[in-house]
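The primary structure of each chain is shown beneath.
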Amino acid sequence: MKILILLAVPLALVLSALAADCPKNQPKTEAALIDLEQNWAAALSRKDADAIACLVADEFEDADVDGSLHSRGQMLEHIPKRKPGVNHLSEMRAHVEGNSGFTRGLATLVDASGKVVARVRFTDVFTYRDGRWQALAGHESLLGEASR
């Protein structure tokens, strides 16, 4: 029993430390949602699944560019396997209504040589819970030629 307690305490401390990194007391504003999207894009560029886990609710689902649905777990599991590149967001719009909000924008993935690899129009739906915004759903549409 002592061994279980000795293992449980450090695990609890690690988990609470990870939770402590999640945003807290975010304002219920469009600007906060735009900042969240910028942080999400930067975390994808770093392949930082832990940072993204803080931004998405447990019930999160994503409709990928090919139309397939992915749960939160599936989406987080895929992040380390992403192709290298930097995500640049543009055409960002956000709207907040009470404890709900959404963002729309254009994500442009650029490789190390500066070549545009993909352009994706996205919409993310958020809820305000526990003092922070959490994504509930995402939808992505791959735009035509990357050179546009």
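Structure first, text after, so check above.
The following paragraphs examine the structure supplied in this document. (Residues numbered from 1 in each chain as written. Predicted model: local features only at pLDDT ≥ 70, side-chain atom pairs only at ≥ 80, totals over all residues. Heavy atoms only, no water.)

## What to know about the pairing of strand β6 (residues 132-142)
Here is step 1: Pairing between strand β1 (residues 56-63) and β6: 4 bridges, direction parallel. In the sheet register, V56 faces β6, and the bridge partner there is A135.
Here is step 2: Judged from the 10 bridges that link them, strand β5 (residues 116-129) and β6 form a sheet pairing that is antiparallel. From the neighbouring strand, F126 faces β6, where its bridge partner is A135.
Here is step 3: Where β5 folds back on β6, the antiparallel hairpin that results is connected by 2 residues, among which D130 adopts a positive phi of roughly 55°. (Pairing = 2+ DSSP bridges. Helix = DSSP H or I, 4+ residues; strand = E, 2+ residues; numbered from the N terminus.)

## Some points on the nonpolar core
Here is step 1: Membership of the largest hydrophobic core comes to 19 residues, with the highest contact counts inside it found for W40, I52, V56, M75, I79, F126 and W133.
Here is step 2: Mapped by element, the contributors of at least two residues to this core are α2 (30-46), α3 (49-53), β1, α4 (72-78), β5 and β6.
Here is step 3: If you tally residues by element for this core, the top one is α2, at 6 residues.
Here is step 4: Not counting the four nearest positions on each side in its chain, W40 is found in contact with I52, L55, V56, F60, D124, F126 and A135.
Here is step 5: A41, L89, M92 and F122 belong to the second-largest nonpolar core, a separate cluster that totals 5 residues. (Core = buried A, V, L, I, M, F, W, Y, C linked by side-chain atoms within 4.5 Å. Buried < 20%, exposed > 50% of the residue type's maximum accessible area, 1.4 Å probe, protein only. Contact = heavy atoms within 4.5 Å.)

## Topic: the pairing of β5
Here is step 1: Bridge count between strand β4 (residues 100-110) and β5: 11 bridges; the pairing is antiparallel. The partner of T103 across the bridge, within β5, is D124.

## Considerations on the environment of A43
Here is step 1: Here A43 lies in helix α2.
Here is step 2: On the accessibility criterion, A43 (0% relative accessible area) is buried.
Here is step 3: Ignoring sequence-local partners within four residues, the contact set of A43 consists of D48, A51 and I52.

## Observations regarding α2
Here is step 1: In this model, α2 (17 residues) spans 25 Å end to end at C-alpha, consistent with the 24 Å of a helix rising 1.5 Å per residue.
Here is step 2: Of the surrounding secondary structure, the elements contacted by the buried residues of α2 are α3, β1, β3 (86-97), β4, β5 and β6.
Here is step 3: Positive backbone phi, at 60°, marks K47, one or two positions downstream of α2. (Expected span 1.5 Å × (residues − 1).)

## Topic: the pattern of salt bridges
Here is step 1: Inspection of the entire model under this criterion finds 4 salt bridges.
Here is step 2: K81 serves as the salt-bridge partner of E77, at 3.9 Å between the closest nitrogen and oxygen. An identical accessibility class is assigned to E77 and K81; each is exposed.
Here is step 3: With a closest N to O distance of 2.8 Å, R121 and E91 form a salt bridge. Taken together, the residues R121 in strand β5 and E91 in strand β3 connect sequence positions 30 residues apart.
Here is step 4: The partly exposed category is assigned to E91, whose relative accessible area is 42%. (Salt bridge = Lys/Arg side-chain N within 4 Å of Asp/Glu carboxyl O.)

## A closer look at the environment of D62
Here is step 1: As for its position among the elements, D62 is in strand β1.
Here is step 2: Given the relative accessible area of 7%, D62 is considered buried.
Here is step 3: In this structure the C-alpha to C-alpha distance between D62 and R72, which are 10 residues apart in sequence, comes to 7.7 Å.
Here is step 4: Apart from the residues lying within four places of it in its own chain, the contact partners of D62 are S68, L69, H70, G138, H139 and E140.

Don't take any of this as a statement about function, it's just geometry.
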